[in-house]
Amino acid sequence: MTGTTKTKRIGAALAAAAAAFALSLGGASIAEAKIQPVDISCTNNGGHEPGGQQPSCKGSSLTQESENQNPAGHAPRGHN
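All figures in this text were calculated on a predicted structure; none of them were measured in a lab. (Residues numbered from 1 in each chain as written. Predicted model: local features only at pLDDT ≥ 70, side-chain atom pairs only at ≥ 80, totals over all residues. Heavy atoms only, no water.)

1. Overview of the overall build of the protein
Part 1 of the argument: The number of helices and strands found in the protein is one helix and two strands.
Part 2 of the argument: Scanning the protein from its N terminus toward the C terminus, one meets helices and strands in the order α-β-β.
Part 3 of the argument: Taken across its 80 residues, the protein has 8% of its residues classed as buried.
Part 4 of the argument: Partitioning the contacts of the protein with sequence separation of at least 6, the portion at a separation of at least 24 is 39%. (Helix = DSSP H or I, 4+ residues; strand = E, 2+ residues; numbered from the N terminus. Buried < 20%, exposed > 50% of the residue type's maximum accessible area, 1.4 Å probe, protein only. Contact = heavy atoms within 4.5 Å.)

If you want it as structure tokens, here you go:
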């Protein structure tokens, strides 16, 4: 085996190890995101949002509307 072939193989092995390490770090950060339900609006029996109502319901005969959101405030696909 020549010197350049050996160098290429060592370089390829180091690149593969670095790629595997980078992918393992990227996957760990995704797993830490917590999806939680967040109040977004209230609706009355007619299906309309009462005027002046905050995202969390304050009063009777109102239905709380919520959606699942990640820490960035976005609704991830498949979680609602």
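There's plenty left to go through after this.
2. Describing the environment of Gln69
Part 1 of the argument: Tracing the backbone shows Gln69 in strand 2 (residues 63-69).
Part 2 of the argument: Residue Gln69 is classed as buried on the basis of its relative accessible area, which comes to 14%.
Part 3 of the argument: In the structure, Gln69 is positioned 33 residues away from Gln36 in sequence and 5.5 Å away in space, judged by C-alpha atoms.
Part 4 of the argument: Not counting residues within four places of it along the chain, the set of residues in contact with Gln69 comprises Lys34, Ile35, Gln36, Val38, Ile40, His74, Ala75 and Pro76.

3. Brief notes about the confidence of the model for the protein
Part 1 of the argument: Here the protein averages 79 in pLDDT, while 85% of its residues score no lower than 70.
Part 2 of the argument: When mean pLDDT is compared element by element in the protein, strand 1 (residues 36-43) scores highest at 89, while helix 1 (residues 3-31) scores lowest at 75. (pLDDT = per-residue confidence, 0-100.)

4. Re the state of the cysteines
Part 1 of the argument: Summed over the entire model, instances satisfying the criterion amount to one disulfide.
Part 2 of the argument: Covalent S-S linkage joins Cys42 and Cys57, the inter-sulfur distance amounting to 2.0 Å. Between Cys42 and Cys57, the S-S dihedral sits near -130°, and the bridge is therefore left-handed. Taken as a pair, Cys42 in strand 1 and Cys57 in the loop between strand 1 and strand 2 lie far apart in primary sequence, 15 residues in all.
Part 3 of the argument: Assessed through its relative accessible area of 24%, Cys57 is described here as partly exposed. (Disulfide = S-S within 2.5 Å.)

5. Details of the side chain of Thr43
Part 1 of the argument: With respect to the helices and strands, Thr43 occurs in strand 1.
Part 2 of the argument: Polar contacts involving the side chain of Thr43 include one to the side chain of Glu65, which spans 3.2 Å.
Part 3 of the argument: If we skip the residues at most four places from it in the chain, Thr43 touches His48, Pro50, Ser61, Leu62, Thr63 and Glu65. (Polar contact = N/O pair within 3.5 Å; in protein donor to acceptor, adjacent residues only side chain to side chain.)

6. Quick word on the environment of Asn44
Part 1 of the argument: Topologically, Asn44 is positioned in the loop between strand 1 and strand 2.
Part 2 of the argument: Remark: the alpha-carbon pair of Asn44 and Gln64, spanning 20 residues in sequence, is separated by 9.1 Å.

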